[in-house]
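Single-letter residue listing:
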Amino acid sequence: MERHAPQHQGQPVALPVEWRVEPGLTDYPAAVAAMEARVAAIREGRAPELVWLVEHPPLYTAGTSARDGDLLQPDRFPVYRSGRGGEFTYHGPGQRVVYVMLDLKRRGPDVRRFVTDLEEWIIRALAAFSVDGERRDGRVGIWVARNKDREDKIAAIGVRVRRWVTYHGISINVEPDLDHFSGIVPCGISAHGVTSLVDLGLPIGLPDLDAALRAAFPGVFGATQWVEAEAAEERQRA
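These numbers come from a predicted model, not from an experiment.

Visitor: Explain the overall build of the chain residue by residue, including any values.
Guide: Scanning the chain from N- to C-terminus turns up 5 helices and 14 strands. Put simply, of all contacts in the chain between residues at least 6 apart along the chain, 69% involve residues at least 24 apart. Summed over its atoms, the accessible surface of the chain is roughly 10,800 Å², and 49% of this surface lies on carbon and sulfur atoms.

In structure tokens form, the structure reads like this:
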């Protein structure tokens, strides 16, 4: 599914989107505060939309539908209550978290379609490594069939929308410690496991996934004019 970009004289308008890859490990509360500030700036026209790629130290987050009983080891890692949709999930080194801040008022005020677009974006990025990511009815996220009796989750989705600007986003397992997921019931689903690109036997690093995500983005979200982080900072100061 391809989102149609705004048109000018019959031609797609390439919307400016900042692409930022954060070095090191990003503190979760600081990330949430930064997203909230950026959402306000996007809404007010002071900053471009943003795709922000981070890694977090080991932690659990609880979405708005999280059940206390799904937190199996509450003292294992820090636990943060999040305003995103969904249930419990794990973030940690080796997992790419992508916070997606887009203005749906410009792109089309349809949250369900936005979630579907996020799914399609992940599927296309995984396809660059010959991984067949799949949707499942009633289970948000992207799944990989291991054999006829087993399928594992490789990517999670949890979003929030404030005045039609999105934030939070997706996480894709590249090479996290999969044992860390055992402290929760991931996304409230106990009948299936989790996997990663490396667990699937692929020698993939975060930069490889980042490149695949960047390449797949315009085909899903429409014509895009990438703004590098330094240029975006100069634009905000102007």
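After that view, the rundown keeps rolling.
Visitor: Give me the sheet that holds strand E7 (residues 88–91): which residues, what numbers.
Guide: The strand order across the open sheet formed by 3 strands is E6-E5-E7, and the pairing between neighbours is mixed. Sheet topology places strand E6 (79–81) and E7 at the edges, where each strand pairs with a single neighbour. Averaged over neighbouring strand pairs, the angle between their axes works out to 25° when direction is ignored. Bridge count between strand E5 (residues 59–62) and E7: 4 bridges; the pairing is antiparallel. By the bridge assignment for E7, leucine 59 is matched with histidine 91.

Visitor: I'd like a rundown of the packing of aromatic side chains, residues and numbers included.
Guide: Within this structure, the stated rule accounts for 12 aromatic pairs. A ring pair is formed by phenylalanine 217 and phenylalanine 221, whose centres lie 4.5 Å apart and whose planes are at 25°; its orientation type is stacked. Highlighted residues: phenylalanine 217 and phenylalanine 221, both in helix H4 (residues 206–221), separated by 4 residues, approximately one helical turn. With respect to class, phenylalanine 217 is no different from phenylalanine 221; both count as buried. A cation over an aromatic ring shows up here: arginine 20 above the ring of tryptophan 52, its NZ or CZ 5.8 Å from the ring centre. Positioned above the aromatic ring of tryptophan 143, the side-chain terminus of arginine 139 is 4.5 Å from the ring centre.

Visitor: Now, about the packing of helix H3 (residues 111–127) against H4: what can you tell me, with residues and values included?
Guide: Any two packed helices are characterised by the angle at which their axes cross and by the distance between the axes. Here H3 crosses H4 at 140°, and the two axes come no closer than 9 Å. Between H3 and H4, the angle is such that the two are oblique. Of the two elements, H3 crosses H4, and the hand of that crossing is right-handed. Between H3, through Phe114, Asp117, Leu118, Glu120, Trp121, Arg124 and Ala125, and H4, the contact on the second element is made entirely by Ala212, Leu213, Ala216, Phe217, Gly219, Val220 and Phe221.

Visitor: An account of the layout of surface pockets is requested, with residue identities and associated values reported.
Guide: Counted as a void, the largest pocket has a volume near 380 Å³. Residue lining of the largest pocket: 24 residues in total, with Arg84, Gly85, Gly86, Ile157 and Gly158 positioned closest to the centre. Every element with two or more residues in the lining of the largest pocket is listed here: E7, strand E8 (95–101), strand E10 (139–147), strand E11 (150–162) and strand E12 (165–173). Within the lining of the largest pocket, the residues separate by chemical class into 11 nonpolar, 9 polar and 4 charged.

Visitor: Please provide a residue-by-residue account of the environment of serine 82, values included.
Guide: Tracing the backbone through its elements, the reader meets serine 82 in the loop between E6 and E7. The sequence separation of serine 82 and alanine 62 amounts to 20 residues, and the corresponding C-alpha distance is 5.5 Å. Excluding residues that lie within four positions of it along the chain, serine 82 makes contacts with Tyr28, Thr61, Ala62, Gly63, Thr64 and His168. Looking at serine 82, its side chain comes within polar contact range of the side chain of tyrosine 28, at 3.3 Å.

Visitor: Tell me about H4, and name the residues and values.
Guide: The terminal C-alpha atoms of H4, which comprises 16 residues, lie 22 Å apart, in line with the 22 Å expected from a rise of 1.5 Å per residue. Buried within H4 are the following residues: Leu206, Leu209, Asp210, Ala212, Leu213, Ala216, Phe217, Val220 and Phe221. Looking at the residues trailing H4, positive phi occurs at glycine 222, about 100°.

Visitor: Describe the pairing of E12, with residues and values.
Guide: Within E12, 9 of the 9 residues are buried, which leaves the element mostly enclosed by the surrounding structure. With 5 bridges joining them, E8 and E12 adopt antiparallel strand pairing. In the sheet register, arginine 96 faces E12, and the bridge partner there is isoleucine 172. As paired elements, E11 and E12 share 8 bridges and run antiparallel to each other. Counterpart to alanine 156 in the pairing with E12 is serine 171. In this structure, the hairpin formed by E11 and E12 is closed by a connection of 2 residues, where arginine 163 is found at a positive phi of approximately 50°.

Conventions adopted
Residues numbered from 1 in each chain as written. Predicted model: local features only at pLDDT ≥ 70, side-chain atom pairs only at ≥ 80, totals over all residues. Heavy atoms only, no water. Helix = DSSP H or I, 4+ residues; strand = E, 2+ residues; numbered from the N terminus. Contact = heavy atoms within 4.5 Å. Areas by Shrake-Rupley, 256 points an atom, 1.4 Å probe, with all protein chains shown as cover. Pairing = 2+ DSSP bridges. Axes fitted to C-alpha atoms, helices over the stretch in contact; angles between N-to-C directions. Phe/Tyr/Trp six-rings, centres within 6.5 Å; stacked < 30°, edge-to-face > 60°. Buried < 20%, exposed > 50% of the residue type's maximum accessible area, 1.4 Å probe, protein only. Lys NZ or Arg CZ within 6 Å of the ring centre and 35° of its normal. Parallel < 35°, antiparallel > 145°, perpendicular 65-115°, else oblique. Left-handed = near helix turned anticlockwise from the far one by under 90°. 1 Å grid on protein atoms, 1.4 Å probe; cavity = no way out; pocket = protein on both sides within 12 Å on 5 of 7 lines; lining within 4 Å. Points joined across faces, edges and corners; volume = space filled by probe spheres on them. Nonpolar A, V, L, I, M, F, W, Y, C, P; charged D, E, K, R; others polar. Polar contact = N/O pair within 3.5 Å; in protein donor to acceptor, adjacent residues only side chain to side chain. Expected span 1.5 Å × (residues − 1).

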